[in-house]
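Residue-level structural notes
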Amino acid sequence: MRPIAALFLSVGLFGQGIVSTRVADRAELASRVRAEALHAWQGYKAHAWGHDELRPLSLQPRDWHEGSLLMTPVDALDTLILMGLKDEADEARELIATKLDLGQDIRVKGFEINIRILGGLLSSYQLTGDKRLLALAQDLGDRLLPLFESPTGLPYMYVNLKSGKVEGAVSNPAEIGTYALEFGVLSKLTGKPVYYVKAKRALTELFKRRSRLGLVGAEINVETGVWTDRSSHISGGIDSYYEYLLKASILFKDADCARMWKASAKALNRYVADEAPTGLWYGTVDMDTGKRTATTFGALDAFYPAVLALSGDLGRARRLQDSTFKMWTTFGIEPEEMDYMTMKALDKGYVLRPEAIESAYYLSTFTKDPKYLAMGRSYLDALVSRCRTAEAYAALKDVSTGEQQDQMESFLFAETLKYLYLLFAPPETLDFPKGVVFNTEAHPFRKTW
Ligand code: DMJ
């Protein structure tokens, strides 16, 4: 790793008094993150090898379904590669190529399997050239296709990987609109347009059903196309629909997606954004009237500064990131959800989510402002002091008491530690933003076409 000069960064941001602090150089921070990733990986390997996840407190394996889909290895593989953990990456790749069984008689959530497994297989294929990963990706893409066979073209929520039987007619924009990147890359790499055609149709059918104000709701029936929950926000359940409109426009130079993104961003800024005394936030409104119905914001919403930065709106991106950092520092680590008027937590859990870190990485990349490196260091310190366990990393049940929970989601590897590492690592580690678009699980897709 290239040694980088030590930096003087401002911490104690946001009126707490600017304190000039000498921060260890970026290379040292990157190698700290790498060591933490290795620590958690070794815990997974020792106690849950071949399973979806490790339970970090009881040191027992956990599978999402009856059989394992190797959730952690698939999600972690490109991170191990980018961190230069070659032996670990090779071992994970071999496990996936020889043991991943996609034909199991299990009902899976299309969204999760798409972003974690299909996304992970495709990005790791692009990084390694291992054709076995592409073959698995195509097999999985084919098994997910029945999801789109609804009367509207909006995908169902669940599919049985063996029989193709679909279930879950009531879905939401995120679970409907988060296929275009993975399916688009699969189309590019296999030469079969069907994947992108279906995924893009889902995006356009959803966009078509926006309200007069240009907003989407929180729940829709994919068979009737009727909204069943008309509240509108950027949080979980809607979030990555917006993200994929923008990212598909960039990755595939798709002018329709660009148009849909621009119209959506405008409506969000007009109705959902909230200039509160505590800063700029995005809350919840009624999709038809624009009337504010909630002033909540949480760990998941913290993805939006990254999206704003990618879209070129650095002003809003910076301000929203200041708010999300305030959310983080108010509690020492971010809660799942809080009220931004009172700054009181409504859901005190922290499940090792990456979004605040992801946004710091984007803002650091686009602005080169060292403030975002200082933020990154705060995130790293909090993660290590609160979530590190003897053998891995654990979620928090309560950010105020620090009580840990027996859960380590695979996105700790795929996203949280990857974005932290990339924030400090030499920029040439990945050709972002020029040659790379990340899927919503932080799997980097390279524009090889
Ligand atoms: C990830 O699985 C993805 O980022 C998804 O879009 C929403 N959130 C989790 C991580 O918080």
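Just above, that's the structure.
Residues numbered from 1 in each chain as written. Predicted model: local features only at pLDDT ≥ 70, side-chain atom pairs only at ≥ 80, totals over all residues. Heavy atoms only, no water.

**Describing the sheet that holds strand 16 (residues 296-298)**
Read from one edge to the other, the open sheet built from three strands follows the order 16-17-18, with strand pairing classed as antiparallel. At either end of the open sheet lies a strand with only one pairing partner, and these are strand 16 and strand 18 (344-347). Each strand of the sheet is rotated relative to its neighbour by a mean of 40°, with strand direction disregarded. Set on the sheet, helix 12 (residues 314-331) makes contact with strand 16, strand 17 (337-339) and strand 18; between it and strand 16 the angle comes to about 80°. (Pairing = 2+ DSSP bridges. Helix = DSSP H or I, 4+ residues; strand = E, 2+ residues; numbered from the N terminus. Axes fitted to C-alpha atoms, helices over the stretch in contact; angles between N-to-C directions. Contact = heavy atoms within 4.5 Å.)

**Considerations on the site of the ligand**
What surrounds the ligand is the set Ile115, Leu300, Arg353, Pro354, Glu355, Phe411, Glu415, Thr440 and Glu441. Residue Arg353 places a side-chain N or O atom 2.8 Å away from an oxygen atom belonging to the ligand. Between the ligand and Glu441, the relevant distance is 2.6 Å, taken from an oxygen atom to a side-chain nitrogen or oxygen of the residue. A total of 290 Å² of accessible area belongs to the ligand in isolation, and the protein chains cover 93% of it. Across the shell around the ligand, the residue classes tally to four nonpolar, one polar and four charged. (Near = heavy atom within 4 Å. Polar contact = N/O pair within 3.5 Å; in protein donor to acceptor, adjacent residues only side chain to side chain. Areas by Shrake-Rupley, 256 points an atom, 1.4 Å probe, with all protein chains shown as cover. Nonpolar A, V, L, I, M, F, W, Y, C, P; charged D, E, K, R; others polar.)

**Considerations on the pattern of salt bridges**
The tally for this structure, following the rule as stated, stands at 32 salt bridges. Arg93 serves as the salt-bridge partner of Asp90, at 3.5 Å between the closest nitrogen and oxygen. Taken together, the residues Asp90 and Arg93, both in helix 3 (residues 86-99) and three residues apart, mark about one turn of the helix. Its relative accessible area of 28% is what places Asp90 among the partly exposed residues. Here Asp139 ties to Arg143 by a salt bridge, and the two come within 2.9 Å at their closest N and O atoms. Of this pair, Asp139 and Arg143 both sit in helix 5 (residues 131-144), four residues apart, roughly one helical turn. We classify Arg143 as partly exposed; its relative accessible area is 23%. (Salt bridge = Lys/Arg side-chain N within 4 Å of Asp/Glu carboxyl O. Buried < 20%, exposed > 50% of the residue type's maximum accessible area, 1.4 Å probe, protein only.)

**Topic: the environment of Leu189**
With respect to the helices and strands, Leu189 occurs in helix 7 (residues 180-190). Overall, Leu189 belongs to the partly exposed group, its relative accessible area being 24%. It is 17 Å that separates the C-alpha atoms of Leu189 and Asp254, two residues lying 65 residues apart in sequence. In this structure, Leu189 is in contact with Leu122, Tyr125, Gln126, Leu134 and Thr448, ignoring residues within four places of it in sequence.

**Some remarks on the environment of Arg132**
Here Arg132 shows up in helix 5. With 36 residues separating them along the chain, Arg132 and Ile96 place their C-alpha atoms 9.1 Å apart. Beyond its immediate chain neighbours, meaning those up to four positions away, Arg132 contacts Arg93, Glu94, Ala97 and Thr98. At a separation of 3.0 Å, a polar atom in the side chain of Arg132 contacts the side chain of Glu94.

**Digging into the sheet that holds strand 15 (residues 292-294)**
The three strands lie next to each other as 11-14-15, forming an open sheet whose pairing is antiparallel. A strand with exactly one partner marks an edge of an open sheet, and here the two such strands are strand 11 (231-232) and strand 15. Strand direction decides the pairing type here: strand 14 (residues 284-286) and strand 15, joined by two bridges, are antiparallel. Bridge assignment links Val285 to a residue of strand 15, and that residue is Arg292.

**Let's talk about the side chain of Ser150**
By secondary structure assignment, the location of Ser150 is in the loop between helix 5 and strand 6 (158-160). Here Gly153 takes part through its backbone nitrogen, which lies 3.0 Å from a polar atom of the side chain of Ser150. Not counting residues within four places of it along the chain, the set of residues in contact with Ser150 comprises Tyr156 and Val222.

**Some points on the nonpolar core**
In summary, soluble globular proteins display a tendency toward joint burial of nonpolar side chains. Membership of the largest hydrophobic core comes to 152 residues, with the highest contact counts inside it found for Leu100, Leu121, Tyr282, Tyr304, Met408 and Phe438. The dominant element in this core, judged by the number of residues it contributes, is helix 15 (residues 411-424), at nine residues. Non-local contacts of Leu100, meaning those with residues more than four positions away in its chain, are made with Leu69, Leu70, Val74, Leu95, Ile117, Leu121 and Leu136. (Core = buried A, V, L, I, M, F, W, Y, C linked by side-chain atoms within 4.5 Å.)

**Here's the deal with unusual backbone geometry**
For the peptide bond that leads from Phe432 to Pro433, omega is 10°, which places it in the cis range. Even without being glycine, Leu59 reaches a positive phi, approximately 55°. Here the phi dihedral of Lys368 falls at roughly 60°; this positive angle occurs in a residue that is not glycine. Position of Lys368 among the secondary structure elements: in the loop between helix 13 (355-367) and helix 14 (371-387). Judged by relative accessible area, Lys368 falls into the exposed class, the value being 64%.

**Let's talk about the packing of aromatic side chains**
Applying the stated criterion across every chain yields a total of 28 aromatic pairs. On the numbers, 5.5 Å between centres and 5° between planes, the contact of Trp281 with Tyr340 is stacked. Of the two residues, Trp281 sits in strand 13 (residues 279-282) while Tyr340 sits in the loop between strand 17 and strand 18, which places them 59 residues apart along the sequence. In this pair, the class of Trp281 matches that of Tyr340, namely buried. Where Tyr361 meets Tyr419, the ring centres are 5.8 Å apart and the plane angle is 35°; that geometry is what we call tilted. Here Tyr419 lies in helix 15 and Tyr361 lies in helix 13, a separation of 58 residues in the sequence. Per residue, the accessibility class of Tyr361 equals that of Tyr419, and both read buried. Pairwise contacts between aromatic rings join Tyr361, Tyr362, Phe366, Tyr419, Phe432 and Phe438 into one cluster. Across the ring face of Tyr158, the terminal group of Arg107 is positioned such that the distance to the ring centre comes to 3.6 Å. (Phe/Tyr/Trp six-rings, centres within 6.5 Å; stacked < 30°, edge-to-face > 60°. Lys NZ or Arg CZ within 6 Å of the ring centre and 35° of its normal.)

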